[in-house]
Amino acid sequence: VRQAEVAVEHYNETEHGAGWDRWHTCGLCIQKFHGPVNKALGWGCWKTYVGRPVNEWVHGKTTIRLGVSLRGSGLPQEALQVFEAGLETVRFNAPRHVVPARGLVATFHMVPARGLV
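Given the structure is predicted, the values throughout are model-derived calculations rather than measurements.

1. A few points about the overall build of the protein
Within the protein, the secondary structure is distributed over 6 helices and 0 strands. Overall, the protein shows an N-to-C arrangement of helices and strands of α-α-α-α-α-α. Buried residues in the protein amount to 38% of all 117 residues. Restricting to contacts in the protein with at least 6 residues of sequence separation, those with at least 24 account for 49%. For the protein, the exposed area adds up to about 7300 Å²; of that, 62% sits on carbon and sulfur atoms.

Next up, the structure:
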């Protein structure tokens, strides 16, 4: 039974489950959160998963999510620091995701802060 619970929890935390969407998309109107709500949910997401072992993929993903929310809230310097930390975590835990993570950092330098939410 516990193994099934863990499998369901894992599914809900991955990109394939609805669980991850709750951190960036309204479940009622299916719109992306923005402003203070987006920032609060970015911190909430990070705080929820920060206690997990560093070698889990979710560590990098939550760090990147926090960076996106900070950037969308008009805090570009803080966001860049978080993105760089997230990139290190992704490089360590999920090497196949390094290129997309680097792409996100690159778009940070190309797109105005309000363009990436």
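Moving on, there is more to tell.
2. As for the packing of aromatic side chains
Centre-to-centre distance and the angle between the planes together describe a pair of aromatic rings. Enumeration according to the criterion identifies 2 aromatic pairs in this entry. With a centroid separation of 6.3 Å and an interplanar angle of 75°, the aromatic rings of Trp23 and Tyr49 are classed as edge-to-face. Of this pair, Trp23 sits in the loop between α2 (18–21) and α3 (35–49) while Tyr49 sits in helix α3, and the two are 26 residues apart along the sequence. Judged by its relative accessible area of 8%, Trp23 falls in the buried class. The exposure class of Tyr49 is buried, given its relative accessible area of 2%.

3. Side note on unusual backbone geometry
For residues that are not glycine, phi is negative in most cases, and the peptide bond is trans in most cases. Look at Ile30: it is not a glycine, yet its phi comes out positive at around 60°. For Ile30, the location among the structural elements is in the loop between α2 and α3.

4. Concerning the environment of Cys26
Looking at the secondary structure, you find Cys26 in the loop between α2 and α3. Residues within four places of Cys26 in sequence aside, it is in contact with Gln31 and Phe33.

5. Some thoughts on α3
The end-to-end C-alpha separation of α3 is 22 Å, in line with the 21 Å expected for 15 residues at 1.5 Å each. All of the buried residues in α3 are Asn38, Gly42, Cys45 and Tyr49. Along the axis of α3, the buried residues cluster in a sector spanning 65°; they form a single face. Counted as exposed and oriented over 90 degrees from the buried face of α3: Pro36 and Lys47.

6. A word on the nonpolar core
Across soluble globular proteins, nonpolar side chains have a tendency to be buried as a group. One finds Ile64, Leu66, Val68, Leu70, Ala79, Leu80, Val82, Phe83, Leu104 and Val105 forming the largest nonpolar core, which totals 10 residues. Listed in part, the 5 residues of the second largest apolar core include Trp23, Cys45, Tyr49 and Val58.

The rules we used
Along each chain, residues carry numbers from 1 onward, in the same order as the chain's sequence is written. Local features in this predicted model are restricted to residues of pLDDT 70 or higher, and side-chain atom pairs are both shown and tallied only at a pLDDT of 80 or more, whereas totals for entire chains, interfaces and linings draw on every residue. No hydrogens and no water enter the side-chain calculation; it runs on all heavy atoms of the structure. Each helix is a run of H or I in the DSSP string that is no shorter than four residues. Each strand is a run of E no shorter than two, and both are numbered from the N terminus. Per-residue accessibility, obtained with a 1.4 Å probe over protein chains only, is compared with the maximum for each type, and a residue is labelled buried under 20%, exposed over 50%, and partly exposed between these values. Pairs of residues are marked as contacts when any of their non-hydrogen atoms sit within 4.5 Å. Surface exposure here means Shrake-Rupley accessible area, sampled with a 1.4 Å probe, where a residue is shielded only by the protein chains that are shown. Between the rings of Phe, Tyr and Trp (Trp by its six-membered ring), a pair exists once the centres lie within 6.5 Å; its type follows the angle of the planes, with under 30 degrees stacked, over 60 edge-to-face, and the other angles tilted. Each helix should span, by expectation, one fewer than its residue count multiplied by 1.5 Å. Arc definition: directions from the helix axis to the C-beta atoms. In this description, a nonpolar core means a group of buried Ala, Val, Leu, Ile, Met, Phe, Trp, Tyr and Cys residues linked to one another through side-chain atoms lying within 4.5 Å.

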